[in-house]
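Results of the structural survey
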Amino acid sequence: MFIGYLKQDFCIHQEVMASNKVILCGPCQEGKVNTKADIWCYNCNEGLCSTCSGQHKKFKGTRDHKTIDIKRYKPSIRAINTECDIHGQQLKLYCPSHLMPCCDECISINHSKCTGIKSLEGVVDNTKIEKSTKKIDMDINSTLQILNEIMSNKSINIQRGEEQVDSIKETIGNYRKKINKHLDDLEKKLCQETDTILNQEKSKASDLKTEIDGKQKNLKKMQEHLHTVIPHTSKLQSFLGLHQIEQQVHQCQRYVDDLEKDDRAKEFDIKMKQNDEIESIQSKLGSLESLGEVMVVKTETALNRETSVRRKAQVQSRVQSNINNMTMNIETKIKINIEKCISDMICLMDGRVIVVENWGKVNLLTSDGKLQKQLPIPGGAYSVTQINQDTIAITYPYEKAIKIFNMENETVTKVITLDKECYGLSFSNNSLAVGLSDDEIRIIDLEGNTLKSIQVESKSDLDYLVYCNDRVIYSDCDGGAVYCVDGSADCYSNRIIVISKDGKNSKVLISKEDGLKEPRCICFKHNESSGFICDDNGTYLAKFNLSSG
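Since the structure is predicted, the reported quantities are computational estimates derived from the model, not experimental observations. Residue positions are counted from 1 within each chain, in the order its sequence is given. The predicted nature of this model means local features are confined to residues of pLDDT at least 70 and side-chain atom pairs, given and counted, to a pLDDT of 80 or more, with totals for whole chains, interfaces and linings taken over all residues. Based on all heavy atoms of the structure, the side-chain values leave hydrogens and waters out of the count.

Turning our eyes to something else, we now look at the sheet that holds strand β13 (residues 391-396). Taken together, the four strands give an open sheet; going across it, the order is β12-β13-β14-β15, and neighbouring strands pair in antiparallel fashion. Bordering the open sheet on either side are β12 (384-388) and β15 (411-417), each of which pairs with just one other strand. Shown here is a sheet whose adjacent strand axes are inclined to one another by a mean of 25°, direction ignored. Strand pairing is assigned whenever DSSP identifies at least 2 bridges connecting the two strands. Strands are runs of DSSP state E lasting at least two residues, helices are runs of H or I lasting at least four, and both sets are numbered from the N terminus onward. Pairing analysis gives four bridges linking β12 to β13, with the strands arranged antiparallel. By the bridge assignment, N388 is partnered in β13 with T391. Throughout, an axis means a line fitted to C-alpha atoms (over the contacting stretch in the case of helices), and angles, computed between N-to-C directions, take values from 0 to 180 degrees.

Written out as structure tokens, the structure reads:
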């Protein structure tokens, strides 16, 4: 039903008045006459007096307008504008491809390539208003419930974040305490060693001083004896006394000579030889800009999204499961001139496109298909999937690895190593489905832990798979089949084929006759029914639009 998709900023009647204020007749006011209105016309969005109301019912263009007695009219009710906000014309047509009512000019300017354009009047006639109203009301309640859940989760998230920050600060403080304690222990140990060495040297010096003091006293006694006793003795006594004194002096002289070799007589200086590692540590500390990095890790929140608000069609002609009504139009072809075999392609959430060369480089294109850059990721890439707004994951078969790449910082943030060569890759529900050699599809979390292993039968490598709602759909190129495991472009025939949800029916949407040559990859823009097709050799991107007719 088109009502649900009209702009929400409805035109509010500019003459909304308090219930006690008189509403005047619109046509009479145009004639500068103030006449009390007797009825209200929702289509004209104005009041009518009894006279103007009679004329209003006579004209073909207004006789079917919805009117109400002015006493029952509630000015607080918002009026829905039936004219195009952009062109000011009446909304007469309906585009099922974009689920929106249009005026003639909208169709000619913005929907000229859309198929299945319908009369808005016919769509309205076939729409069960009461049923759609209940459905939308349920959608509103469901959306409110989701928003309330998000609000509650965010409140809990904020509290948890505050607790995490307190824990981080405590950890940082513990770093400092451990470092300080270790330095204190080293300082204490070195000071004790210094005191011990000083005491040892002081003890040696004290012992030497005691010895020298004894020698000095003996020498002084000998000198006193020499001057007081010798002059008053006989010559023989003097000779013998001088001989004894001379012998003792010679002993003291030998003692002095020996002191030159005595370690105790050497002067000592107490110095410290710095540990060679100190300068290295100081240098490292000087270059240490941070004790760590505080980062925000985003994880998807599992919400109950059982609501038809999420772009489900309300018009019966827009039934997704009926593939017979589906049509695909090639709007334009864009030369990209990569000119290498292409293995995978995705449309990012922001509209840009990633094209992966087979066992080669990862190319980033703008939303209009122009080559922006090659991402700086070493190795031979094969398949790519988007995890969130800023993060993609890529398989590298030769390396048996999946690399997680941050688009904003242009860095590989994680490498998940596997035990087999890996090919096709798809992300859903905070986990990755990856096609491995030996016909295995493995479901892993973002840390690389295996959640589930599925053994399949495929004649070709598991190059292309889609993981959604706990189901994996994969193609077997050599076997010419598409399989769905519970829990397509046809390159060689130059066709794009759509397959029904139950797998029983299929339909060719685009073929070689439509100018399609060797299509290799197809991707849809985020939450849109349009996207791009890339050929096998990376020469062009074909921009397409898919409609249900």
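Anyway, onward from the coordinates.
The next thing to look at is a nonpolar patch on the surface. Without a salt bridge and with relative accessible area above 30%, a residue can belong to a patch; like charges are then joined within 9 Å and nonpolar side chains (Val, Leu, Ile, Met, Phe, Trp, Tyr) within 5 Å. Note that accessible areas follow from Shrake-Rupley with a 1.4 Å probe, and for residues the cover is restricted to the protein chains shown. Salt bridge, as applied in this entry: a Lys or Arg side-chain nitrogen positioned within 4 Å of an Asp or Glu carboxyl oxygen. On the surface, a nonpolar cluster with roughly 1100 Å² of combined accessible area is contributed by I168, I172, Y175, I179, L183, L186, I278, I281, L285, L288, L291 and V294. Put simply, the parts of the chain that give the nonpolar patch at least two residues each are α5 (129-228) and α7 (276-287). The element contributing the most residues to the nonpolar patch is α5, with six residues. The topology assignment puts I179 in helix α5. For I179, a relative accessible area of 45% gives the class partly exposed. Buried means the residue's accessible area, taken with a 1.4 Å probe over protein chains only, is under 20% of the maximum for its type, while exposed means over 50%, and partly exposed covers the values in between.

On to the pattern of salt bridges, then. Evaluation of the coordinates by the stated rule reveals 15 salt bridges. One salt bridge in this structure joins K217 and D213, with 3.5 Å as the shortest N-O distance. Here D213 and K217 lie together in helix α5, a separation of four residues that amounts to about one turn. Connected through salt bridges with shared partners, the residues D419, K420, E440 and R442 form a single ionic network.

Here the focus is the sheet that holds strand β1 (residues 39-41). Read across the open sheet, the three strands follow the order β2-β1-β3; overall the sheet is antiparallel. Either end of the sheet is taken by a strand with one partner, and the two such strands are β2 (46-48) and β3 (67-69). Neighbour-to-neighbour, the strand axes of the sheet open up by a mean angle of 30°, direction not taken into account. Sheet analysis places β1 next to β3, joined by three bridges and oriented antiparallel. When the sheet's bridge partners are listed, I39 is paired in β3 with D69. In this fold helix α2 (residues 50-58) packs onto β1, β2 and β3, with an angle of close to 105° to the strand it touches most, β2. By definition, residues are in contact when any of their heavy atoms lie within 4.5 Å.

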